[in-house]
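If you want the building blocks of each chain, they are given just below.
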Amino acid sequence: MLTLPRVLHFPAGDRRFSLPIEAVGEIAEIRAVDPVPGAPAAVAGLAEFRGRIVTLLSLAGPTAPAASAPPAPLSPFDAPVIAVLLAGPLAHLGVVVRGRAGEIEISRQVPDEPNAAVPRDLPVGPGPRPFARAIRLEDGRSALLINPEDLAEYATGQIRERVRVAERG
Amino acid sequence: MQLKLGLSFLMVALLVLAVNTAVTRIVPEENLLSSFAGLVFADVLVACVAAWVLSRFLTRQIRQLVSATAVISQGDLTRKVELSSRDEIGELAKSFNAMLASLLNIVFEVRSTSEQIFDSAQALSATAGNVNSSTRELATASRTIAKGAEDQVATLSRASDLTREIALAAEEIALKAQSAHRSVRAAGERARASADDASRAKASIGEIVEKIQQATSSVEGFRARALLINTTVDFITQVAHQTHLLALNADIEAARAGEEGRGFGVIAEEVRKLAEESRAFAEQIQQHSQMINSESASVIQAMKETTVTAIEGKCVVESAASALEEISATVLATLERVREITELTVTQARGADGLVKTIEETTKIAQGNASGTVETSAAIHEQTAAMTEMSASATTLARTSDHLKDLVTIFKMD
């Protein structure tokens with residue numbers, strides 16, 4: 001019997017994102033997030049968690065539809081945020097959850113539908129494909145499945161672009 | 001005279017008898033019848049002679065009387081009959097003289113009386129004229145008085161009607177004053193009762209305010225408990241939140257552990273569900289607590305507002321109680337005034353009734369006076385007519401006395 005893969009899905013902005021369960025290291029409640037001046041919108045800030053520095057990425061800004069209002073930037077004075085920390089070599093990265101802990105769920109992913117429509121407004125990473133793709137969960141809801149490596153490359157590309165711009169000008 | 005005439009007639013009769021006797025004696029009986037005529041002739045002759053003698057005697061005195069009477073008839077009352085015979089003609093003469101003297105006195109008296117009568121008649125006529133003019137003036141005045149009496153009657157009638165209306169109005173006022181007295185007394189009693197009610201209301205409101213304040217304190221304590229519940233619920237929610245995260249992480253580790261972590265994943269799933277339920281219940285509790293807190297705040301606010309309103313109401317009730325006390329005192333004072341007014345109006349009504357009766361009696365008297373005045377006027381008219389007649393009679397009497405005096409002047413008395 002085919003076992004459907006399990007994913008961790010959570011809200012980020014107006015969309016629901018998911019990560020393969022194997023790619024998730026931990027769900028943590030970050031008490032304080034330090035914003036990085038001049039950082040791109042995809043970088044929410046830096047946080048200290050169990051002795052290590054974690055770069056928190058915000059998926060609400062880059063992936064929000066153009067017509068929607070951009071999310072408010074995080075500040076050290078905000079309430080603790082929930083972040084999904086990646087596992088393995090990407091443990092220094094985490095994704096900010098824009099919602100309650102109760103909205104973070106583990107479900108199974110149903111097989112991809114052929115000719116599934118891909119949101120056109122997803123940012124394109126350095127590669128030819130975006131860092132997330134649409135999937136359907138077993139409860140019928142849809143979500144965007146993140147590729148952690150593509151997400152890392154996307155964030156790194158954003159930082160480099162910002163540095164280049166800063167150096168230029 | 002009577003004796004003399006008697007004797008004369010006796011002598012004549014004796015003479016005739018004697019003649020008859022003589023004839024009888026003389027003449028034989030068989031010639032008596034044929035001598036009767038002669039006898040009769042002799043008797044008649046004797047009688048005639050006797051009559052002639054007597055008549056000559058009597059006539060002479062009577063002629064004296066007649067002449068005296070003729071003179072007297074001419075008015076000379078000084079003429080006396082000078083006859084001193086002792087017979088009846090002398091007595092007649094004496095009586096005639098006495099009568100003449102009496103007649104003279106009478107005429108004298110009549111003349112003097114007629115003069116007096118004339119003078120009196122003149123005076124009476126003048127007086128009648130004066131009385132007549134005075135009577136006319138009196139009649140005029142009487143008519144004026146009668147008119148005035150009629151006007152007085154009319155005025156008194158109007159006054160009587162007005163006074164009757166005033167009396168009725170006074171009586172009505174008295175009745176209304178009595179009704180007002182009863183109403184004011186009832187109002188005073190109600191004011192007193194209201195003042196007592198206001199005092200009781202003030203006391204009740206004070207108790208209500210105190211109880212509301214106590215209830216407010218209780219609710220505030222209750223709200224404080226609700227806040228503590230919120231704090232506890234927040235902690236529970238936080239625990240549930242952390243538990244949920246732990247369950248998620250446990251699930252993640254179980255998934256990473258693979259097959260060996262399946263049981264742990266189940267446990268983690270159960271823990272996550274428990275955490276979710278706890279969070280849900282905590283959320284419900286928090287919602288209820290927030291509702292309780294909100295409603296408690298609303299209740300406290302309402303109680304505070306109610307307290308303020310009750311205090312304001314207490315002030316209003318106190319003010320109303322004071323006002324009712326003043327009203328009660330004023331009503332009692334007014335009651336006393338109304339009682340006095342009622343008594344005065346009753347007295348006024350009685351006085352008006354008496355006045356009506358008095359005016360009615362006065363009207364009757366005036367009507368009597370008017371009638372009497374009319375009668376007086378009529379009497380004066382009659383008197384005027386009588387005085388006119390009297391004046392005419394006086395005039396007639398004067399004329400009559402004057403005529404009588406003229407007649408009396410015919411007589412010569414000295």
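These remarks concern the structure in this document.

1. A word on the sheet that holds strand E10 (residues 142-146) of chain A
Residue and element names in this part refer to chain A.
Phase 1 of the analysis: Strand order in the open sheet formed by 5 strands is E8-E1-E2-E10-E9, with mixed pairing between adjacent strands. Strands with a single pairing partner mark the edges of an open sheet, and in this sheet they are strand E8 (105-108) and strand E9 (132-136). Between one strand axis and the next, the sheet turns by 40° as a mean value, whatever way the strands run.
Phase 2 of the analysis: Here 4 bridges tie strand E1 (residues 6-12) to E8, and the two strands are oriented antiparallel to one another. Across the sheet, leucine 8 pairs through a bridge with isoleucine 106, a residue of E8.

2. Some words on the pairing of E1 of chain A
Phase 1 of the analysis: For E1 of chain A, the tally of buried residues reaches 6 of 7 residues, placing the bulk of the element in the interior.
Phase 2 of the analysis: Here E1 of chain A folds back onto strand E2 (residues 15-20) of chain A, and the loop between the two strands holds 2 residues, one of which, glycine 13 of chain A, carries a positive phi near 75°.

3. Observations concerning a nonpolar patch on the surface
Residue and element names in this part refer to chain B.
Phase 1 of the analysis: Nonpolar side chains collect at one region of the surface, where Phe41, Leu45, Val49, Trp52 and Val53 lie side by side and expose about 530 Å² of accessible area between them.
Phase 2 of the analysis: Relative to the helices and strands, valine 53 resides in helix H2 (residues 32-73).
Phase 3 of the analysis: In this structure valine 53 comes out as partly exposed when scored by relative accessible area, which is 46%.

4. Considering the packing of aromatic side chains
Residues and elements named next belong to chain A.
Phase 1 of the analysis: What the rule picks out here adds up to 1 aromatic pair over all chains.
Phase 2 of the analysis: Geometrically, the ring pair formed by phenylalanine 131 and tyrosine 154 is tilted, given 5.0 Å between the ring centres and 35° between the ring planes. Placement of the pair is phenylalanine 131 in the loop between E8 and E9 and tyrosine 154 in helix H2 (residues 148-168), with a sequence separation of 23 residues.
Phase 3 of the analysis: Looking at tyrosine 154, the relative accessible area reads 7%, which means it is buried.

5. Structural notes on the nonpolar core
Phase 1 of the analysis: Ranked by size, the top nonpolar core spans 34 residues in total, and within it Leu8, Phe10, Phe17 and Ile146 of chain A carry the most contacts.
Phase 2 of the analysis: The set of elements that each furnish at least two residues to this core consists of E1, E2, strand E3 (24-30), strand E6 (81-86), strand E7 (93-97), E10 and H2 of chain A together with helix H3 (88-257) of chain B.
Phase 3 of the analysis: When residues no more than four places from it in sequence are discounted, the contact partners of phenylalanine 10 of chain A are Arg15, Arg16, Phe17, Ser18, Leu19, Val84, Val95, Val97, Glu103, Ile104 and Ile146 of chain A.
Phase 4 of the analysis: Val81, Leu83, Phe96 and Met413 of chain B belong to the second largest nonpolar core, which has 13 residues in total.

6. Let's talk about unusual backbone geometry
One can expect most non-glycine residues to show negative phi and most peptide bonds to be in trans.
Residue and element names in this part refer to chain A.
Phase 1 of the analysis: The backbone of arginine 50 sits at a positive phi, close to 50°, despite the residue not being glycine.
Phase 2 of the analysis: Tracing the backbone shows arginine 50 in the loop between strand E4 (43-49) and strand E5 (52-57).
Phase 3 of the analysis: For arginine 50, a relative accessible area of 62% gives the class exposed.

7. With respect to the packing of H3 of chain B against helix H4 (residues 262-409) of chain B
Residue and element names in this part refer to chain B.
Phase 1 of the analysis: Direction vectors running N to C along H3 and H4 enclose 180°, while the axes themselves pass 2 Å from each other. Put simply, H3 runs roughly antiparallel to H4.
Phase 2 of the analysis: Class assignment for the residues of the contact of H3 with H4 results in 81 nonpolar, 51 polar and 27 charged.

8. Structural notes on the side chain of serine 289 of chain B
Residue and element names in this part refer to chain B.
Phase 1 of the analysis: Position of serine 289 relative to the elements: it lies in helix H4.
Phase 2 of the analysis: Reaching out from serine 289, the side chain makes a polar contact with the backbone oxygen of alanine 226 at a distance of 3.1 Å.
Phase 3 of the analysis: If sequence neighbours within four positions are ignored, serine 289 has contacts with Ala226, Ile229 and Asn230.

9. Some details on the pattern of salt bridges
Phase 1 of the analysis: All told, the structure shown has 20 salt bridges over all chains when counted by the stated rule.
Phase 2 of the analysis: The residue aspartate 151 of chain B makes a salt bridge to lysine 147 of chain B at a minimum N-O spacing of 3.0 Å. With aspartate 151 of chain B and lysine 147 of chain B both in helix H3, this residue pair falls 4 residues apart, about one helical turn.
Phase 3 of the analysis: Exposure remark for aspartate 151 of chain B: the relative accessible area of 36% places this residue in the partly exposed category.
Phase 4 of the analysis: A salt bridge links arginine 339 of chain B to glutamate 336 of chain B, with the shortest nitrogen-to-oxygen separation between them at 2.4 Å. Placement of both arginine 339 of chain B and glutamate 336 of chain B in helix H4 is noted, with a separation of 3 residues, approximately one turn of the helix.
Phase 5 of the analysis: Its relative accessible area of 30% is what places arginine 339 of chain B among the partly exposed residues.
Phase 6 of the analysis: For glutamate 336 of chain B, a relative accessible area of 32% corresponds to the partly exposed category.
Phase 7 of the analysis: It is possible to trace a salt-bridge network through shared partners that takes in Arg16, Glu105, Asp139 and Arg141 of chain A.

10. Looking at H3 of chain B
Phase 1 of the analysis: With 170 residues, H3 of chain B should cover 254 Å at 1.5 Å per step; its first-to-last C-alpha distance of 222 Å lies more than 12% under that length.
Phase 2 of the analysis: Looking one or two residues beyond H3 of chain B, the residue adopting positive phi is glycine 258 of chain B, at roughly 85°.

11. Things to note about H2 of chain A
All names here are of chain A.
Phase 1 of the analysis: With 21 residues, H2 extends 30 Å between its outermost C-alpha atoms, agreeing within 8% with the 30 Å of an ideal straight helix rising 1.5 Å per residue.
Phase 2 of the analysis: What H2 keeps buried is the set Pro148, Asp150, Leu151, Ala152, Tyr154 and Ala155.
Phase 3 of the analysis: Its side-chain oxygen placed 3.1 Å from the backbone nitrogen of glutamate 149, asparagine 147 serves as the N-cap of H2.

About the criteria used
Counting of residues starts from 1 at the beginning of each chain's written sequence and follows it residue by residue. Here the convention is simple: chains get letters from A, ligands get numbers from 1, in the order in which they are written. It should be noted that, the model being predicted, local features are given only for residues of pLDDT at least 70 and side-chain atom pairs only at 80 or more, the latter also being counted only at that level, while totals for whole chains, interfaces and linings use all residues. Neither water nor hydrogens contribute to the side-chain values; these are computed over all heavy atoms in the structure. Criterion used throughout: strands pair if DSSP finds at least two bridges between them. A run of H or I in DSSP counts as a helix once it spans at least four residues, and a run of E counts as a strand once it spans at least two, with each numbered from the N terminus. A fitted line through C-alpha atoms represents every axis, and for helices the fit uses only the stretch in contact; the resulting angles, taken between N-to-C directions, go from 0 to 180 degrees. For the exposure calls, accessible area comes from a 1.4 Å probe over protein chains only, and a residue counts as buried if that area is under 20% of its type's maximum, exposed if over 50%, partly exposed in between. Residues enter patches when their relative accessible area tops 30% and they take part in no salt bridge; the joining distance is 9 Å for like charges and 5 Å for the nonpolar side chains Val, Leu, Ile, Met, Phe, Trp and Tyr. Shrake-Rupley sampling with a 1.4 Å probe provides the accessible areas, and residues are treated as covered by the protein chains on show and by no other component. The term salt bridge refers to a pairing of a side-chain nitrogen on Lys or Arg with a carboxyl oxygen on Asp or Glu at a separation within 4 Å. Within 6.5 Å between ring centres, the rings of Phe, Tyr and Trp (the latter by its six-membered ring) count as paired, and their orientation is classed by plane angle as stacked under 30 degrees, edge-to-face over 60, tilted in between. Residues enter a nonpolar core if they are buried and are Ala, Val, Leu, Ile, Met, Phe, Trp, Tyr or Cys, with the set joined through side-chain atoms within 4.5 Å. Two residues qualify as a contact provided that any one of their heavy atoms is within 4.5 Å of a heavy atom in the partner residue. Relative orientations are named as follows: roughly parallel for angles under 35 degrees, roughly antiparallel for angles over 145 degrees, roughly perpendicular for angles from 65 to 115 degrees, and oblique for any other angle. Think of it as three bins: nonpolar holds Ala, Val, Leu, Ile, Met, Phe, Trp, Tyr, Cys and Pro, charged holds Asp, Glu, Lys and Arg, and polar takes everything else, Gly as well. Between N or O atoms, a polar contact is any pair within 3.5 Å; within protein, one atom must be a potential hydrogen donor and the other a potential acceptor, and residues adjacent in sequence are included only when both atoms are from side chains. A helix is expected to span 1.5 Å multiplied by its residue count minus one.

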